[in-house]
Every structure is written in structure tokens, then in C-alpha cells.
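Residue strings, one per chain:
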Amino acid sequence: MGKKLTKVLAIAACLALGVSVLTGCSGGSGDTTTSGLSVTETEIDNRVFNYGVTDYSGLHVNGGIDPHLSYAGWGTVRYGIGECLVKISTEGTIEPWVAETWKMLDKNTWEFKIKDNVTFSNGKKVDASAVKACFERLLEKNERAVHVLKIAELEADGQKLTIKTSEENPILINWLTDPFACVIDVSEEVNGNNHVIGTGPYTLDAATTEKVIVKANKNYWNGTPKFGTIQIQSFLDGDTMAMAMQNGELDACANLSYTSLPLFENNNNFKINSTATSRSYMFTFNTKSDKFADANVRKAVTMAINKENFVNTLMNGYGQVAELCYPASYEYGDSKVNGPDYNQEEAKRLLADAGWSDSNGDGYLDKNGEIFEISWVTYRNRQELPLLAEYAQASLKEIGIKVNIDDRESNTVIEDVSKDFDIYSWAVVTAPYADGITFFNELLTNYNIHGWSGEEYDKFVAIYNKASLEADSSKRAEYSVELQQMLIDNSILCVMSHNIMNIVTKDEITGLVPHPSDYYEITADLNMVQ
């Protein structure tokens, strides 16, 4: 696996370095140059690109791809419709996008200069007033944005946008990389299913739960899109998506299951482009459940599941075994924290100390006449999650725990799972903002289903609150390590692996490679070279 993965990552790196060669001439309507080939605008209009994706979180339900609603902005940015003031580079730094420069004037005031040449897809110039109006709508529609941005006042003067926060927010610039903050024209009615005016290389034509269709933005300010139409097809079943890729229905697809990737290896008709990300597969406990109120019982479960075997067998090696939230290469990553080793015998001892035993010899533990039976809730549109649940089911049976799997359609389950579960597993990008603290905000808000409370929890929240106001990145990294170790020591969260993201393309496709942040996919560089 090591040599194969190294080769794949090397290919992705080479493509990432080479995408600038593929960028067309910006502006104008005549011919455009595409990797040395002259392609007319009419020919571009006739070019169609078919892209398969996994419907991993029901993004298009309700909001379609209106970035201000829930997490729908991921689709807005990924599909080339919207762009933010700033973006995350492949090295994890913040770089300009719609904004040209920015600076922090004082602890509560930021100033941005909007680039002079950026236009919306309807041809309107993007100025500070347009961004101000966009952010005002964002704050009306998205509670998460209100919570993390902490914007108290917005001022617009030509191309200068001033943001004043209600309290210190030292990483406001990081939060503004979130797709909810992509700049859209709100002077026109916004409809996430058919009308979102952004600044990206493509414009929204239609969005449903099954398909998103985008068209070339002929007013794009930063290059020339190479396809007249892109159809993004959503698949609930990864095997179906792999079959569509094999039979030519798709030109590319993202996040194939690891069991399907060998179908495209050593095949000159396809390329597998991969990159390491902080998207992680994890599970949390319901500490209010009578089964998991005891931290040592929770620890026993984490020790009974072999992470290395999960990565090497079920993920075909396309992952990194995790200690907790972040890959080891990060300043605040796995090399800095210590989790329990796989040890089923020690797990059994911890359970016995907690009063669990197999009193009737049926293979399952019981206590006070009640069998150790739990509900494991997950969702199927991240294809590895049902595999993780089944793997855990088999592993925990070996130590006498009966697992019932509740496999739902998408991770919108987090909104209705309430406390009717014992374990919940999901996949999430832990460092989407190039920061080691922001993920803990998710644990305290959107994913606050663990029910953790008490003295240790209060200490955790106090450290998080202090860390969230820290402007020094090295100190934030130290706080991140401390917070992660607390999660490990209290057995609140178990992270199995960090994802190696993949995009499979036909051999002639260029300019489509995965990004470590997991935000950016379709750009003006996307091309098909004959």
C-alpha cells in the first residue's frame, strides 16, 4: 500500500503544480487557449462534463445550494458557483480570493479590500456594499455563522469593507473560509434550487436532491471555464457510482469507496488523484445512556476495536490510523496525544470491574438482569460508516456487547437523533479552517449530543473559551493538544482514521484534484484534453 499510495499522491502533487498551465485567458468571447488547443466559445458551450459524488450529507435538501442555509454552502463552493473573500491553500495557509488584502486594525476590527476586477455571474461588479449585503443576509439565515463570526457591525466604502465584532475573534479570517461566507448577489432573489448568483466559474442552472446542473459563467473574472455544462450526479450507493464510472456515464467521481478503487488502478483509461485530509471517521458516546455513564466502560469499547485493521482491511490502506482529531503531520496532530492501544483483554477487565459478566453463558455480558445491548446510529451516504458500524459490531461481540445498527440515509440524523442512541458515528473535517481549535466548537454546538457534563466538562469548556480568544497560532496548537487529551482521558470521542480523499477521472481529464481542506473541487482549470 505504501508504494501505491506514494505514487498516487505524487501524481496529485504534480497535477496541483500544473493546473496553472490549464487556465484559459480571462474575459473576451472569441477563442480560448486550452493546453495548446484552440477551443471556440461555441465548442465550450457544447462540452458537457458528468461528475459523480456521494450524497454524503443531504446538502440539497431544503436549501439546495443556498450557501446561507445550513451546510449547503459546501455545494456552492465545491461546484464552482461561489467564492469566499479568502481561501485555504494546499499548505494550510490563508490566501486571497475575492478579497485582495486584509488587516486587523484592533482586537475587534478587521478591514478588507475587495479586488477591483471581481464580478458576479450576472456581470455586476463586486464591491464592499455587495459583500456587506451578502453577509447581512448570512447573519439573518445562519445561526452557526452568527455564533462563530460574532459580527456586530459592517461598513462599506467603495472596495473597503470593515467588519467590527461584538467580542474578540482572533481567527475571523479563518472562519471566513467557511463556504457559508461565499459571496453571492443578494440584490436578486436567492433560491437554492435554481437561482444563486455567485462569482465562480460556473452558474447554477438547477439543483435537486439527485442532481446539480451548472453552466459556464461567461463573465468569470479569473479565467475561462472549459465546459458549457457540468452535471453533478448524486449517488447514495457507491457501487452504482463505480459502475457508472466504468461504463463511461461519468467523466469523474469523488470519494469512491476504498473497496472500489482497485477497479481503476493500473488502468490507463483512468487516473486516481489522492490527498491526505483531516476528514476523520469517528464515534462518540451518549454519556447519559445507562450503558456509557462510566468512563471506563467507554474506554473498554475504544480498546476493543482494532483501528489499524480497520484502515488496512476495510479502507484498503487509504487512510491514516488516528489517535484523535488531526493527522500526525499537523502541529497539533496525533503525534502529540496518546490514546489507549487496542487490547481486548484489558477491555474485558474494565468491563468486569464495572460489574458486567456473562452470567448465563450466552456470549453476551449482563448486569442486574439486563444484557449489554446498545444502539449504534450512523448513516450510509459516507460509504465507510456502515462498514465501520459492522466492524465495530463484530469486534464488540468478541467482548460480549451486542450492537444493533441503526443505519440512516444521511447525517442530517444529527438533528433528530436526540438522546435515542448509545453510540453515534460520523465523518467530519476536523480542521476545515486551518486551525486546531474550531472543531471543538462543533463538539460544543452542532455535535453536542454526547451529553458530557460535570467537573471535567466544565474544565474543558473553560480551556476552550480561553483558547478561542488566543491569537498566537503556536499557543492555539498547545491548547488543541490539551483539549484532545481531555477527550481521550474521559473517553468522549474515538477517532478511527483520517481520510485519504480520492477523485477518479478519465485519463484525459485535467485540473480536477482533491484539496486537503475538502472544500474546493470544480474550478476554471477543469478540462478535457483529447
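Residues numbered from 1 in each chain as written. Predicted model: local features only at pLDDT ≥ 70, side-chain atom pairs only at ≥ 80, totals over all residues. Heavy atoms only, no water.

Caption draft 1: Region of interest: the packing of aromatic side chains. Scanning all chains against the criterion turns up 24 aromatic pairs. Arranged with centres 6.3 Å apart and planes meeting at 20°, the rings of Tyr 326 and Tyr 330 form a pair that is stacked. On the basis of relative accessibility, which here comes to 0%, the residue Tyr 326 falls in the buried class. For the ring pair Phe 421 and Tyr 424, a centre distance of 6.4 Å and an interplane angle of 80° mean the geometry is edge-to-face. Classification of Phe 421 by relative accessible area gives buried; the value is 3%. Look at Tyr 424 and you get buried, because its relative accessible area is 0%. Over the ring of Trp 97 we find Lys 87; its NZ or CZ atom is 4.5 Å from the centre of that ring. Looking at Lys 87, its charged tip hangs above the ring of Tyr 520, at a distance of 4.8 Å from the centre. (Phe/Tyr/Trp six-rings, centres within 6.5 Å; stacked < 30°, edge-to-face > 60°. Buried < 20%, exposed > 50% of the residue type's maximum accessible area, 1.4 Å probe, protein only. Lys NZ or Arg CZ within 6 Å of the ring centre and 35° of its normal.)

Caption draft 2: Spotlight on the nonpolar core. By size, the foremost hydrophobic cluster in this structure holds 88 residues, and its most contacted members are Trp 376, Leu 396 and Phe 440. Looking at this core, the element that brings in the most residues is helix H14 (residues 473-489), giving 7 residues. With near-sequence residues (within four places) excluded, Phe 440 lies in contact with Cys 325, Tyr 326, Phe 460, Tyr 464, Ser 480, Leu 483, Gln 484 and Leu 487. Within the second largest apolar cluster, 71 residues are counted, among which are Val 86, Trp 110, Leu 149 and Val 214. (Core = buried A, V, L, I, M, F, W, Y, C linked by side-chain atoms within 4.5 Å. Helix = DSSP H or I, 4+ residues; strand = E, 2+ residues; numbered from the N terminus. Contact = heavy atoms within 4.5 Å.)

Caption draft 3: A look at the sheet that holds strand E9 (residues 160-165). Reading across the sheet, the 4 strands line up as E6-E7-E9-E8 and stay open at both edges, with antiparallel pairing between neighbours. Each edge of the open sheet carries a strand with a single partner, namely strand E6 (99-106) and strand E8 (151-157). Here the average twist between neighbouring strands, direction ignored, is 20°. Looking at chain direction, E8 and E9 are connected through 6 bridges and run antiparallel. (Pairing = 2+ DSSP bridges. Axes fitted to C-alpha atoms, helices over the stretch in contact; angles between N-to-C directions.)

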